[in-house]
Amino acid sequence: TQWTQLGEGDVVYSGEKTSAGGADAVDFSKALLSDQNEVFLSIPLSGVAPGTYDWIRTSVTYQKYDITFNIVNSPVDLTICGGPDNMSGTLASFLGYNVYIEDVTPRSETLAVNDDKLQGYWVFEPYLPEICASVPDLRLIEGAAPEGATTVVNPLFGTSDIPAGSCVVTGTFDTNQLVITGEETEDITVTLSYSVKESFEWIDNVPNGKLDFDIANPANSDQIVDMGIRGLVPTWE
């Protein structure tokens with residue numbers, strides 16, 4: 001209900017954790033990953049406590065998606081690679097409160113991390129045609145959004161707070177409450193629809209509306225400041 005505090009209620013799944021990086025953290029190597037419209041988790045209904053559920057909470061650890069960007073001050077001519085403007089690439093972003101990452105592969109390149117990373121850490125891999133595969137400083141780019149900058153929408157902020165730095169997203173079943181009787185004879189499918197509209201934000205140093213990576217002077221690159229979740233709409237059938 002709206003009065004249930006974080007960690008209370010019925011917890012149906014919790015990802016594996018590790019202290020390999022020195023602190024309690026989500027173990028990214030054992031995290032469940034799925035694409036949109038895919039089944040993320042299946043559990044026996046006997047593992048869900050009977051009751052009426054008005055709200056659901058999920059802690060989102062990881063997102064991966066494609067973005068467009070510009071390259072500034074490249075050491076080589078990028079016109080043969082389709083650039084330097086309006087290029088595309090894949091961003092791997094970490095939203096969990098603290099995640100231990102052995103390595104991460106946004107597209108095809110792998111970055112070894114072997115450390116804890118707080119909310120807001122990201123790794124970006126531009127898409128480069130084979131002809132540009134050897135372009136220096138363009139294989140993988142990493143960084144982090146400022147602490148506390150990642151948006152997490154909590155409609156229950158007045159009755160059930162969420163700690164800063166976590167990405168626990170809260171959504172309501174609204175008028176169609178989820179009712180578990182404990183006597184179900186058929187599967188129940190819960191669909192979680194996350195809103196990411198305009199959730200990827202950066203400081204536009206050169207006001208052109210595009211994300212600019214400065215290869216010669218990385219400190220002059222546009223700073224990524226937000227990659228959070230704007231909302232959650234759960235439904236069931």
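To be clear, the structure that these remarks concern was listed above.
Described below are features of the structure shown in this document. (Residues numbered from 1 in each chain as written. Predicted model: local features only at pLDDT ≥ 70, side-chain atom pairs only at ≥ 80, totals over all residues. Heavy atoms only, no water.)

### Quick word on the sheet that holds strand β7 (residues 98–104)
Here's step 1: Taken in spatial order, the four strands of this open sheet run β1-β2-β7-β8, and their pairing is mixed. The sheet is open, and its two edges are formed by β1 (17–18) and β8 (111–118), each paired on a single side.
Here's step 2: Taken together, the two bridges between β1 and strand β2 (residues 25–27) define a ladder with antiparallel strand orientation. In the strand pairing of β2, K17 is matched with V26. (Pairing = 2+ DSSP bridges. Helix = DSSP H or I, 4+ residues; strand = E, 2+ residues; numbered from the N terminus.)

### What about the sheet that holds strand β5 (residues 62–72)?
Here's step 1: Spatial strand order, β10-β9-β6-β5-β15: five strands in an open sheet with mixed pairing. Edge positions in the sheet fall to β10 (141–144) and β15 (212–214), since each has one partner strand and no second. On average, each strand axis in the sheet is tilted by 40 degrees relative to the strand beside it, whichever way the strands run.
Here's step 2: Of the strand pairs in this sheet, β5 and strand β6 (residues 87–94) are connected by eight bridges, and their pairing is antiparallel. (Axes fitted to C-alpha atoms, helices over the stretch in contact; angles between N-to-C directions.)

### Some remarks on the nonpolar core
Here's step 1: One finds I71, W122, F124 and F213 to be the most contacted residues of the largest nonpolar core, which totals 26 residues.
Here's step 2: Among the elements that take part in this core, β5 stands out by supplying three residues, more than any other.
Here's step 3: Leaving out residues up to four positions away in the same chain, F124 has contacts with I67, F69, G89, T90, L91, R139, L140, I141 and F213.
Here's step 4: With 12 residues, the next largest nonpolar core counts A92, V99, V104 and V123 among its residues. (Core = buried A, V, L, I, M, F, W, Y, C linked by side-chain atoms within 4.5 Å. Buried < 20%, exposed > 50% of the residue type's maximum accessible area, 1.4 Å probe, protein only. Contact = heavy atoms within 4.5 Å.)

### Let's talk about unusual backbone geometry
Here's step 1: Note that the residue after G83, namely P84, is joined by a cis bond; omega there is 10 degrees.
Here's step 2: Checked against the element boundaries, P84 lands in the loop between β5 and β6.
Here's step 3: Backbone geometry at N86 places phi at a positive 55 degrees, although glycine is not the residue there.
Here's step 4: For N86, the position within the fold is in the loop between β5 and β6.
Here's step 5: Here the phi dihedral of E198 falls at roughly 55 degrees; this positive angle occurs in a residue that is not glycine.
Here's step 6: The topology assignment puts E198 in the loop between β13 (190–195) and β14 (200–203).

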